[in-house]
Amino acid sequence: MPPPCALLGLCRYETTKLVRIQSVRLGSLKWTLNGAILLFICVLMLWNRKYQEFDLVVSSVTTKVKGVAQTHLPGVGDVVWDVVDYSGPWQDKNSFFVVTNVIVTETQKQGRCPEAPVKGRLCRSDRDCQRGFWDQQSHGIQTGSCVRFDMLRKTCEVSAWCPVEAKTTPPRPALLPAAENFTVLIKNNIRFPAFNFIRRNILPEMNDAYLRNCQRGNDSLCPIFRLGDMVREAGEHFSQMAVEGGVIGIQIKWDCNLDRLMRRCLPKYSFRRLDEKESNKTLYPGLNFRYARYSTVNGVEERRLYKAFGIRFDVMVFGQAGRFSFIQLIIYIGSTLSYYALTTIVIDWLIGTSCYSAEVGQNYSEKKVESVQDKLKCILCVSYVDENNIRLVKRSQKKSLQDLKPLSVQPRKEDAGHLRAVLCLLQPDASVGRDMFPAPKPHTPGWCRCGFCAASSLPQEALCCRRSDGACITSSSLFEQLVLCRPLLEAVLLYQDPLAPPGGGSQTTALRHCAYRQYISWRFGVPPGDTHPAIPSCCVRRIREAYPSSDGRYSGFTPARKDGVQVHQH
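In this text, all values refer to a predicted model and were calculated from it rather than measured experimentally.

1. Considering a nonpolar patch on the surface
Next up, step 1: Together, F324, F326, I330, I333 and L337 make up an exposed nonpolar region whose accessible area comes to about 500 Å².
Next up, step 2: The greatest single-element share of the nonpolar patch, amounting to 3 residues, is contributed by helix α7 (residues 326-336).
Next up, step 3: Mapping I333 onto the fold places it in helix α7.
Next up, step 4: Judged by relative accessible area, I333 falls into the partly exposed class, the value being 39%.

What follows is the structure, encoded as structure tokens:
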């Protein structure tokens, strides 16, 4: 079972400390910044619809291309191309292909013929040809013979469809420039499963008459597109792209708002080129493929080979739909509350700059921030009677406090309120006889400069009242009046606690601790924050002699902090 203190820790509530500044200027600035932040949050929420939950689109696409063109093919003559010829079966999922250029190889038959001299593949004799050899660039299988290709060149003979395709460069200009005027009807059906919402790009109000007459130039929702317009909106020229072919992306974006008061779900079309168009930047520019048409002449099978160049159009659908969600609204509000911290950051920065005096900034900082020193890093403050400042030194377990080098030196800040109260309580005839003045010790430690210090095994207690040799502060009559005077100490204790019981065994201890505090207020004034004033050994000795402990035991130097006031027990 856990200890009771652990259970009590669970029943503890902690909150932040606030500082309230009464200032019209800062108050107006605070509300102005908060209003600006609120406006920004609201605009961002409405613009990005952060109050909605979203679902991604699920889509299907079908296309229908229409158009007729006539072209003259070398060796063939005038040919009419319809949708079957230039589009036909070459449609993939969510895409369609249109032929724009072609290389035709006429009357190919199975047989033997010279290989095309591609990339300098020439031969001089049969030894340069290997029977049965072929590679990815070959049109057939080598027979092992070197035959004449033309009047100047010889190549290896191959078994193939002869004559082999010899032309590799597509015609310029393209043979089907009329494909620019072909049209395509795109039918796009979408669904948002989370909201059970179905829509298509052919809207309910679009009838047959509308589809026959609509043009994208006048109506951005028209689902019928001219191929030349799509290529132009992608930033390309149809006549140039038609030579080698390419890939055009048709992007359909659905950004739907399904809230009742703001319901809107319409497609937005855009176009871009997807392939690399520069021939000198890619190894195989454009887009092409081969197909053949077969026939039988006098019982011999023949074919006409087409190397088709064209443009493939890929339809890409993406988007989302949003609908109001109270949960999403709460999440967004919770995530934006941290923006109001910017108000505190800006105002704190302004207070710390030249907009306000250094005194105001310091006062605000002291009220707002409470520094706590690490127990392992105890900073002590030392005041010498022969110096009018305070030294800050780091506590050491090896060197005496007298010999430590200071971290910094600060001017002493007088405690005017305490000084006035003490002077009012001080009686004119309050004094201590000269016979009570201490006598110098015959054997003083090496760090002592006044001759009245006692040796100590604790380095933090090895401190003299002086930095250089001279008279001890305990020999001063003011020390007797402000620190040791019993009527004064009793008056101070009564001033602090008017209902305190009369003295007993604990009265001497209270007087001794009061004497310590009197010395600190006299010699240190208001000590710097997070520091611990150290009382010299000679002063501790003199106070203990005046107000000794009944059992002769003392706790020694133990820095502590109670209610924001430095307390040092000896």
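2. Points about the packing of aromatic side chains
Next up, step 1: Taken as a whole and assessed by the stated rule, the structure comprises 14 aromatic pairs.
Next up, step 2: Summarising the aromatic geometry, the rings of F225 and Y269 are spaced 4.9 Å apart at their centres and angled 70° between planes, so their arrangement reads as edge-to-face. Of this pair, F225 sits in strand β10 (residues 224-226) while Y269 sits in strand β12 (residues 267-273), placing them 44 residues apart in sequence. Like F225, the residue Y269 is buried in the burial classification.
Next up, step 3: Over the ring of W522 we find R523, and its NZ or CZ is 5.6 Å from the ring centre.

3. Section: the pairing of strand β8 (residues 183-192)
Next up, step 1: Direction of pairing for strand β2 (residues 58-66) relative to β8: antiparallel, over a ladder of 9 bridges. Bridging across to β8, S60 finds its partner in N189.
Next up, step 2: Relative to β10, β8 is paired through 3 bridges, and the arrangement is antiparallel. Each residue of the ladder has a partner; that of V184, found in β10, is F225.

4. What to know about the environment of L337
Next up, step 1: Positionally, L337 belongs in the loop between α7 and α8 (341-352).
Next up, step 2: Once the C-alpha coordinates of L337 and I37 are considered, the two residues, 300 residues apart in sequence, prove to be 9.7 Å apart.

5. Digging into the packing of helix α2 (residues 24-48) against α7
Next up, step 1: The geometry of α2 relative to α7 is characterised by a closest axis approach of 11 Å and an angle of 145° between their N-to-C directions. Of the two elements, α2 crosses α7, and the hand of that crossing is right-handed. The segment α2 lies against α7, with I41, L44 and M45 engaging L329, Y332 and T336.

6. What about the state of the cysteines?
Next up, step 1: Throughout the structure, instances matching the rule amount to 5 disulfides.
Next up, step 2: The disulfide partner of C129 is C156, and the S-S distance across this bridge is 2.0 Å. Residues C129 and C156 are joined by a disulfide whose S-S torsion is about -90°; by sign, that bridge is left-handed. Of this pair, C129 sits in the loop between β5 (95-114) and β6 (141-148) while C156 sits in strand β7 (residues 154-162), placing them 27 residues apart in sequence.
Next up, step 3: The exposure class assigned to C129 is buried, which follows from its relative accessible area of 9%.
Next up, step 4: The exposure class assigned to C156 is buried, which follows from its relative accessible area of 10%.
Next up, step 5: Across the disulfide, C214 is cross-linked to C222 (sulfur-sulfur distance 2.0 Å). Given an S-S torsion of about 45°, the disulfide between C214 and C222 has right-handed geometry. Like C222, C214 is buried.
Next up, step 6: Within the protein, bonded cysteines paired by disulfides and numbered along the sequence follow the pattern 1-6, 2-4, 3-5, 7-8, 9-10.
Next up, step 7: Of all cysteine sulfurs, the one in C453 lies closest to C448, which takes part in no disulfide; the gap is 3.5 Å.
Next up, step 8: Overall, the relative accessible area of 10% leaves C448 in the buried class.

7. So, empty space enclosed by the protein
Next up, step 1: Applying the stated rule across the entire model yields 1 cavity of 30 Å³ or more.
Next up, step 2: Volume-wise, the largest cavity comes out at about 30 Å³.
Next up, step 3: Taken together, L73, V79, W81, D85, R293 and Y306 form the lining of the largest cavity.
Next up, step 4: Of the residues belonging to the lining of the largest cavity, the class tally is 4 nonpolar, no polar and 2 charged.

8. As for the sheet that holds strand β17 (residues 408-411)
Next up, step 1: Reading across the sheet, the 4 strands line up as β17-β16-β15-β18 and stay open at both edges, with mixed pairing between neighbours. Two strands in the sheet have a free side with no partner beyond their single neighbour: β17 and β18 (532-533).
Next up, step 2: Here 2 bridges tie strand β15 (residues 379-382) to β18, and the two strands are oriented parallel to one another. Within β18, the position partnered with L380 by the bridge is H532.

9. Considering the nonpolar core
Next up, step 1: Ranked by internal contacts, the top residues of the largest apolar core, which has 47 residues, are V98, F192, L227 and F313.
Next up, step 2: If you tally residues by element for this core, the top one is strand β14 (residues 300-324), at 6 residues.
Next up, step 3: In contact with V98, not counting residues within four places along its chain, are V65, Y86, A179, F182, L227, G310, I311 and F313.
Next up, step 4: In terms of nonpolar packing, the next biggest core, distinct from the first, is built from 37 residues, C453, C514, F524 and V540 among them.

Conventions and cut-offs
Each residue is numbered by its place in its chain's sequence as written, counting from 1. A pLDDT threshold of at least 70 governs which residues receive local features in this predicted model, and a stricter bar of 80 or more applies before side-chain atom pairs are shown or counted, although totals over entire chains, interfaces and linings include all residues. Based on all heavy atoms of the structure, the side-chain values leave hydrogens and waters out of the count. The patch calculation keeps residues exceeding 30% relative accessible area without a salt bridge and links them within 9 Å when they carry like charges or within 5 Å when they are nonpolar (Val, Leu, Ile, Met, Phe, Trp, Tyr). Accessible surface is estimated by sampling points in the Shrake-Rupley manner with a 1.4 Å probe; for residues, cover comes only from the protein chains shown. Just to be clear on terms, a salt bridge is a Lys or Arg side-chain nitrogen sitting within 4 Å of an Asp or Glu carboxyl oxygen. Secondary structure elements follow DSSP: runs of H or I of four or more residues count as helices, runs of E of two or more count as strands, with numbering from the N terminus. Throughout, exposure labels follow a simple rule: accessible area from a 1.4 Å probe, protein chains only, divided by the maximum for the residue type, with under 20% read as buried, over 50% as exposed, and the rest as partly exposed. Side-chain rings of Phe, Tyr and Trp, where Trp is taken by its six-membered ring, are said to pair if the distance between their centres is within 6.5 Å; with planes under 30 degrees apart they count as stacked, over 60 as edge-to-face, and otherwise as tilted. In this scheme, Lys NZ or Arg CZ marks a charge over a ring once it lies within 6 Å of the ring centre and within 35 degrees of the ring normal. Only strands that DSSP links by at least two bridges are regarded as paired with each other. In this description, a line fitted to the C-alpha atoms serves as the axis of each element, helices being fitted only across the stretch in contact, and the angle between N-to-C directions of two axes falls anywhere from 0 to 180 degrees. We call a crossing left-handed when the near helix sits turned anticlockwise from the far one by less than a right angle, and right-handed when that turn is clockwise. Contact between two residues is taken to exist if any of their heavy atoms lie within 4.5 Å; hydrogens are not considered. Throughout, disulfides are identified as pairs of cysteine sulfur atoms within 2.5 Å of each other. Throughout, the protein atoms alone are placed on a 1 Å grid, and a set of points is a cavity if a 1.4 Å probe fits but cannot get out or a pocket if it is open with protein on both sides within 12 Å along at least five of seven lines; lining residues have an atom within 4 Å of a point. Grid points are joined across faces, edges and corners, and a volume is the space filled by probe spheres set on the points. Put simply, Ala, Val, Leu, Ile, Met, Phe, Trp, Tyr, Cys and Pro go in the nonpolar bin, Asp, Glu, Lys and Arg in the charged bin, and everything else, Gly too, in the polar bin. Among the buried residues, those of types Ala, Val, Leu, Ile, Met, Phe, Trp, Tyr and Cys that are joined through side-chain atoms within 4.5 Å form a nonpolar core.

By themselves, these figures tell us nothing about what the structure is for.
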